[in-house]
Amino acid sequence: MDGLERGPVEPVEPLAAVTAHVHRPHLPQDAQVLRHLRLGQPEQLDEIADRPFAAHEDVEDLPPPGFGDRVERVRRRRCSCHATHHIPIWVCVKTHILGTLGARRAVCHDQAMTAGPDGPQRTDARGARRSASASAVLRAVLDEGPIARSTIARRTGLSAAAVTGHSAELARLGLLRELPEAEPRRGVGRPHVPVDLDTGRHVAGALHLAVHHATVALLDLRGNVLVQHEEPHDGLAAEDLLARAAEILDDLLLGHAPDREPLGLGVATGGWVDRASGTVVEHPLLGWRNVPVRDLLAGCTGLAVEVDGHARALVHAERLFGHPRARESVVQLFTGNVVDAAFATGDTVHHGPRSAAGAVAHLPVDDSAEPCRCGRTGCLEATVSEGTLARKAAESGLLARPDFPELLALAASGDSAAARIFHDRARHIGQAAALLLDVLNPAVLVVVDRSVAQVPGCLPAMRDEVRARSRGCTDPEESVVATSFPGHELAIAGGAVLLDVLYDDPLGPLLTRLSHAS
Ligand SMILES: [Zn+2]
């Protein structure tokens, strides 16, 4: 077809292709693609480059010889990062991404797919102590970097020699870098050259799957969101949604982090998520049952993929990058369309058998007759979910149609009827918060809810309810707090799933996969 002759697939020189994509967007991107789809005549390059394509046009096309049997489909599309350039990209969904990202040092498809039923194996027992020490060094730098090695030794209790050894290893892996000495020291003694995180070398992919849209993002090692993209997905089947997310991730990496190595992809979603197998066991609002998200995404992206529930993911995020008291013990209460919770004490996030902990959706609340899909009435999720609120606002004539963002904007703008709906809801959330505080007695309870940051009075209403109902919590102003990541919580949730694995075991499989492939 197209008068093109196809030759065998050559190994892709990925960095060249990526650089070309960014700086000379018209031809070299095709040159990279054309390594897969070789032209009979060089002039045909222009013919392809000038041809306008729809943003995402599936092509009925057989995979070129040499692609092997991993190819599912070939597709051409416009680059979503450079929409004005109309770059035609032939994407062979699996092989292209392996070519551009996988070979960019990461991971071979076979490795990704044969990680085994329990995911990539963590460091073995012999290496566990070494990795725990490296983890302590890395976390000290995360907290206080730039920081001198001698200070790390004091903070962690490790010997100076051990800190020097771990710093060198972490620098070799691209996680730390030495900074020039701030002020030259006079006199004797070794200079105190500080070390800091190397945030320019790696990037963490993040995917959050909400009921109506997916958030795809890139984070650096400090949990800063470099870029995030929201994609509506109503009506897409699980496999199609994950393939689409993989494409967006590919675009973000090519467009926004062309010179960084992807560490992998962290995925967070509501419902019941089994982290060990990377499976969404049940997500009623998405209609998913036993969807092997990790394996599907590892197949699409060629990257290491970690999957967890979003409340637990946000616990990881708070403990790594957020509220200082979260490291003692923390309860995370997430209230969106899905309502769920997670709990951590010390370094341990509680999962329970098959990671089913935190299912507070059907906790009964007072003063609610809202029917629930479980058959009862007055369940927490049915009462406070965004969908319920939007529906009620429409029924009462406040909105023309049930639209939660519109209701939120109305309340944020000062409309008293809309604000009252949110304040009533905040008191229901406060009931659940009081119960969780009494049962688990955490140092801090973090509420992740869009109204908290946008509608004045919501957080105080929750705290008032906690004060009235809790027997153990005497200081709701201190104990009940908003998320540390307003506006970015979904992107951070996805990224934190991966970054938690990195900080927990920096000498473990995430980076050893990269270094073996390089
Ligand atoms: Zn229920």
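About the cut-offs
- Residues numbered from 1 in each chain as written.
- Predicted model: local features only at pLDDT ≥ 70, side-chain atom pairs only at ≥ 80, totals over all residues.
- Core = buried A, V, L, I, M, F, W, Y, C linked by C-beta atoms within 7 Å.
- Buried ≥ 20, exposed ≤ 12 C-beta atoms within 10 Å, placed from the backbone.
- Helix = DSSP H or I, 4+ residues; strand = E, 2+ residues; numbered from the N terminus.
- Contact = placed C-beta atoms within 7 Å.
- Axes fitted to C-alpha atoms, helices over the stretch in contact; angles between N-to-C directions.
- Parallel < 35°, antiparallel > 145°, perpendicular 65-115°, else oblique.
- Left-handed = near helix turned anticlockwise from the far one by under 90°.
- Pairing = 2+ DSSP bridges.

## Description of the nonpolar core
(1) Moving on: In this structure, Leu 333, Ala 433, Leu 445 and Met 462 are the most contacted members of the largest nonpolar core, which totals 126 residues.
(2) Moving on: The greatest single-element share of this core, amounting to eleven residues, is contributed by helix H19 (residues 489–504).
(3) Moving on: Dropping the residues within four chain positions of it, Ala 433 is found in contact with Leu 333, Leu 445, Val 447, Met 462, Val 466 and Val 480.

## Section: the packing of helix H9 (residues 238–256) against helix H10 (residues 293–301)
Axis angle and axis distance: for two packed helices, these are the angle between their axes and the distance between the axes, and together they describe the pair.
(1) Moving on: Remark: H9 packs on H10, axes separated minimally by 9 Å, with the N-to-C direction vectors making an angle of 45°. If you check the angle between H9 and H10, you find them oblique. Every pair of crossing elements has a handedness; the one defined by H9 and H10 is right-handed. Two secondary-structure elements touch here, H9 through Glu 239, Leu 242, Ala 243, Ala 246 and Leu 249 and H10 through Val 293, Leu 296, Leu 297, Cys 300 and Thr 301.

## Concerning the sheet that holds strand E10 (residues 261–269)
(1) Moving on: Spatially, five strands are ordered E9-E8-E7-E10-E14 in an open sheet, and the strand pairing comes out mixed. With one partner strand each, in any of the chains shown, strand E9 (225–232) and strand E14 (305–309) form the two edges of the open sheet. Averaged over neighbouring strand pairs, the angle between their axes works out to 20° when direction is ignored.
(2) Moving on: Summarising the sheet, strand E7 (residues 202–209) and strand E8 (residues 213–219) pair through six bridges and their orientation is antiparallel. Across the sheet, residue Gly 205 finds its bridge partner in E8, namely Leu 218.
(3) Moving on: Each of E7, E8, E9 and E10 touches H9; the most contacted strand, E8, lies at about 30° to it.
(4) Moving on: Sitting on the sheet, helix H11 (residues 310–321) is in contact with E7, E10 and E14, with an inclination near 105° to E14.

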